[in-house]
Amino acid sequence: MKPYFLPLLLPLSHVAIADNQNDDAIETITTTASRTEALATPLPLTISTLSEAQLNSIAPTHVEESLQRIAGANVQRGNGQEYLPALRSPVLSGAAACGGILTLEDGIPLRAAGFCNINELFEAHSEMAKRIEVLKGPGSALYGSNAVHGVINVITADTTQGGGLVGVDYGSYGYARYKLRAGKDYGNSGIGINASVTDDTGYRDGESVKQQKVNIRHRYENTNLLLTSGLTYTNLDQQTAGFITGFESYKNEDIAQQNFDPDAFRQARSFRAWSNAQWQLKNGNVLSITPYVRDQSMDFFKHFLPGTPLETNSQTGFGVQSLYQHNLQSNIKVNLGLDGEYTRSDFTQSQNEPTQGSAFLVATVPQGKHYDYDVNATLYAPFASIDWQLNKWFISAGLRYEHMQYDYTNNMLSGRTKDDGSECGFGGCRYSRPASGKNSFSNTSPKLGVSYKVNNNNTVYANFSRGYRAPQAAELYQLQREQTTANLNPEIANNAELGLKGYHSNVRYALAVYAMSKHNTIYRDSDFFNVNNGSSRHRGIELEVDYTLSKTLNLQFAGTHAKHTYTNNQLVSGLNINGNEVDTAPRNIANLDLNWQAFSNVGFSLQWHHVSSYFTDPENLHSYDGHDILSLRAKWQVSNNLEVLARVINLTDEAYAERADFTSFTGDRYFPGKPRNAMLSATYTW
């Protein structure tokens, strides 16, 4: 008898899955690469997928716990639901680092292209997703600005087919989550809901997360039309614990548990609604049109800045995605589309109390309002691609043109004065406000991929692509010191990749080698100017393996070896960083799951997660040693409807840092990882 529990612990990866009982293969279907369902195996790019079964077994309290299983991904948790992402990159930080990775829910960007937020994945319902698809590198003409290092697409459950579940998770340090999924199938239509409520009092003093998420889905179909509509609402109320400082302070349990920023908080609300109309036309042609609306707002206490100002921002906008797939011949498909969106945003930053600290900080960081501006942004992007199947060869070529325009209005006095127009000491105030104006950016990104079917089970591929991102509004309009205008160009990334994917006997695998060079990288220099002359080199090899050792044992591995290097001349603390490794970029990251089917309805999974050492500053003078974390999961299928899951994370009670970095102001600083913690979950399905 084939064990039924193992698939619950394993992901559906981006390669064909070998059935160890016969020669049949289950092909993975992806929507991220093409916006319509397509087989992933022949595509000349890398897509990894976490299935619903695996997500349920992980029972993630944070999206980082899921993405550990994706080679090339490295998400470092902050506190609560905050994080910094990496995907074939160093961990991205700074005012617009989020512009390096495009995040979606059901194919719709979580944020408008010029208004990303580094933590925006907390606005996707990853805790109860149907699956998570990760496209690595700038591999598709469907995606433009922000898809430099790749795309993370959280796909919500189709609740319109009927059935449902209720579930509860209880864990250490006051963690609780309640889950509900229910739907009704009316034949050619259906409706359903997917909801979760999280209440987490947290490990550190005074921290907490209260979060609510809901998806509503509706479906209508007739002979030639499938109309699918969705709505997502999320609400986050978080009391945040900030960094702890001091060399290896995370090893001191008393310090690690303390909260040195008791007033810090984040309150964020998001709403998205979309409706996809897909027509099946003659000769197998397909037309897909998806209009959508977004509304988001956030209040954020910037505990990491002098004076601890309060940021308030909001975005409201609408857009449309379109795609026409035309079968030019039986083996040639042409894809044409036009994407566009309009966004209105506002941003304020203000400080209620006088700044504490040195005389310089007190004089240059004034009490009162720092920024107050509105931006109206318009984006349009036509694209075209062609897919050609020629015997064992598959060729895909595409081109995307994208134009973005910002219309910026400064609602305060321009320059670096206080909000009443008076001057700051020591040469002027820290914050500088550019005069109202317009900025526009255009770019073209080509893509070319080729795959060759070596045999029925194995495919080799290569692709060459260009990724880019327009400067974000934060980089253009939140200036500092003497800078009055940011003359910035889009960041450019040129990427080459070679890979092999497939299966043999009881092993399925995906191997990828990539080389990327980034130019026009935007960063804040030693004069506190936002400048555009950074560059870096990114080289890496990734391996994902599922190996069925026996009828009761399975091994899953995801590993990355990469080197990320500065290639621009830049003086930091008097040192030229050209040739240095990019900070917060571990060379080796690995995740290993050993799954054991102990009984017909009971299984265990032992996880090892490894992060190697990495430098914490651009000068490469300070570093973090890395860590190894063991975790144990168990699942008991009590009945056909009832499932119980137990897990212990950080089994050996390792003292480690989720994130480490170094600044000249604070020295070494860390977000400490949780000590050993446990969770018990129960889910009833029907």
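Counting restarts for each chain, with residues numbered from 1 along the sequence as it is written. Given that the model is predicted, a residue must reach a pLDDT of at least 70 before its local features are reported, and side-chain atom pairs must reach 80 or more before they are shown or counted; all residues, however, enter totals for whole chains, interfaces and linings. As a rule here, side-chain values cover all heavy atoms of the structure and leave hydrogens and water aside.

(A) Here's a closer look at the layout of surface pockets. Space inside the second largest pocket adds up to approximately 1,100 Å³. Cavities and pockets are defined on a 1 Å grid built over the protein atoms alone: a cavity is a set of grid points where a 1.4 Å probe fits but cannot escape, while a pocket is an open set with protein on both sides within 12 Å along at least five of seven lines, and lining residues are those with an atom within 4 Å of any such point. Lining the second largest pocket are 36 residues; nearest its centre among them are Thr31, Glu37, Arg131, Ile155 and Arg217. Under the DSSP-based scheme used, a helix requires at least four consecutive residues in state H or I and a strand at least two consecutive residues in state E, with every element numbered from the N terminus. Mapped onto the lining of the second largest pocket, the elements with two or more residues apiece are strand S5 (46-51), strand S10 (129-136), strand S11 (150-156), strand S15 (208-221), strand S16 (225-239), strand S18 (265-280) and strand S19 (286-301). Grid points are joined across faces, edges and corners, and a volume is the space filled by probe spheres set on the points.

(B) How the structure looks around unusual backbone geometry. Phi at arginine 88 takes a positive value of approximately 50°, unusual for a residue other than glycine. With respect to the helices, strands and loops of the structure, arginine 88 is situated in the loop between strand S7 (83-84) and strand S8 (102-105). For the exposure calls, accessible area comes from a 1.4 Å probe over protein chains only, and a residue counts as buried if that area is under 20% of its type's maximum, exposed if over 50%, partly exposed in between. The class of arginine 88 is buried, set by a relative accessible area of 1%. Notably, asparagine 283 is not glycine yet its phi reads approximately 60°, a positive angle. Looking at the secondary structure, you find asparagine 283 in the loop between S18 and S19.

(C) Highlighting the state of the cysteines. By definition, disulfides here are pairs of cysteine sulfur atoms that lie within 2.5 Å. Inspection of every chain in the model, using the stated rule, returns 2 disulfides. Put simply, cysteine 98 and cysteine 116 are joined by a disulfide, and their sulfur atoms are 2.0 Å apart. Disulfide cysteine 98-cysteine 116: the torsion about the S-S bond is 65°, which places it as right-handed. Within this pair, whereas cysteine 98 is found in the loop between S7 and S8, its partner cysteine 116 is found in the loop between strand S9 (108-109) and S10, the two being separated by 18 residues in sequence. The disulfide bridge from cysteine 424 ends at cysteine 429, spanning 1.8 Å between sulfur atoms. Taking the torsion about the sulfur-sulfur bond, which here is approximately 80°, the covalent link between cysteine 424 and cysteine 429 counts as right-handed. For cysteine 429, a relative accessible area of 1% corresponds to the buried category. Going through the protein in sequence order and numbering each bonded cysteine, the pairs you get are 1-2, 3-4.

(D) A look at the pattern of salt bridges. Whenever Lys or Arg places a side-chain nitrogen within 4 Å of a carboxyl oxygen from Asp or Glu, that contact is recorded as a salt bridge. All chains considered together, the criterion is met by 38 salt bridges. Put simply, arginine 400 and glutamate 402 hold a salt bridge, and the shortest N to O gap is 3.1 Å. Its relative accessible area of 4% is what places arginine 400 among the buried residues. Residue classification places glutamate 402 among the buried positions, given a relative accessible area of 5%. Shared partners join several salt bridges into a network, and the residues in it are Arg88, Lys136, Glu497, Glu542 and Glu544.

(E) Summary view of the environment of asparagine 79. Assignment of secondary structure puts asparagine 79 in the loop between strand S6 (76-77) and S7. Ignoring any residue separated from it by four or fewer positions in sequence, one finds asparagine 79 in contact with Arg204, Glu207, Gln238, Gln239, Thr240, Ala241 and Phe671. N or O atoms within 3.5 Å of each other form a polar contact, as long as, within protein, one can give a hydrogen and the other can take it, and as long as residues adjacent in sequence are counted only when both atoms are side-chain atoms. A polar atom in the side chain of asparagine 79 sits 3.0 Å from the side chain of glutamate 207. Only heavy atoms matter for contacts: two residues are in contact if any of them lie within 4.5 Å across the pair.

(F) Here's a closer look at the packing of aromatic side chains. Note on aromatic contacts: the rings of Phe and Tyr and the six-membered ring of Trp form a pair at centre separations within 6.5 Å, being stacked when their planes are under 30 degrees apart, edge-to-face when over 60 apart, and tilted otherwise. Applying the stated rule across the entire model yields 21 aromatic pairs. Aromatic side chains phenylalanine 318 and tyrosine 342 sit 5.9 Å apart centroid to centroid with 40° between the ring planes, which places their arrangement in the tilted category. Taken together, the residues span a long stretch of sequence, with phenylalanine 318 in strand S20 (residues 310-329) and tyrosine 342 in strand S21 (residues 332-351) at a distance of 24 residues. Through successive ring pairs, a cluster of aromatic residues spans Phe115, Phe347, Tyr371, Tyr373, Tyr406, Tyr408, Tyr431, Phe441 and Tyr477. Just above the ring of phenylalanine 300 sits the side chain of arginine 266; from NZ or CZ to the centre is 3.9 Å. We call a charge positioned above a ring when the Lys NZ or Arg CZ atom is no farther than 6 Å from the ring centre and deviates by at most 35 degrees from the ring normal. One Lys or Arg, lysine 501, reaches over the ring of tyrosine 461 and ends 5.2 Å from the middle of that ring.

(G) Molecular detail of empty space enclosed by the protein. Under the counting rule described, the total for this entry stands at 14 cavities of 30 Å³ or more. Space inside the largest cavity adds up to approximately 730 Å³. Lining the largest cavity are 46 residues, and of these Glu64, Glu65, Arg77, Tyr656 and Glu658 lie nearest its centre. For the lining of the largest cavity, the elements supplying multiple residues, two or more each, are helix H3 (63-67), S6, strand S14 (189-200), strand S35 (602-611), strand S38 (627-637), strand S39 (642-649), strand S41 (667-672) and strand S42 (677-685). Per-class residue counts for the lining of the largest cavity are 17 nonpolar, 18 polar and 11 charged. Considering only enclosed or pocket space, the second largest cavity measures out at about 230 Å³ in volume. Secondary structure elements with two or more residues in the lining of the second largest cavity: S8, S20, S21 and strand S23 (393-410). A per-element tally of the lining of the second largest cavity places S21 first, with 3 residues. Classification used: nonpolar for Ala, Val, Leu, Ile, Met, Phe, Trp, Tyr, Cys and Pro, charged for Asp, Glu, Lys and Arg, polar for all others including Gly.

(H) Highlighting the pairing of S21. For two strands to be treated as a pair, DSSP must find no fewer than two bridges joining them. Where S20 and S21 come together, 16 bridges link them in antiparallel fashion. Bridging from a neighbouring strand, threonine 316 pairs with arginine 344 of S21. The hairpin formed by S20 and S21 contains 2 residues between the paired strands. Where S21 lies against strand S22 (residues 368-390), 20 bridges are found, and the strand directions are antiparallel. Bridge pairing in S22 links leucine 338 to proline 382.

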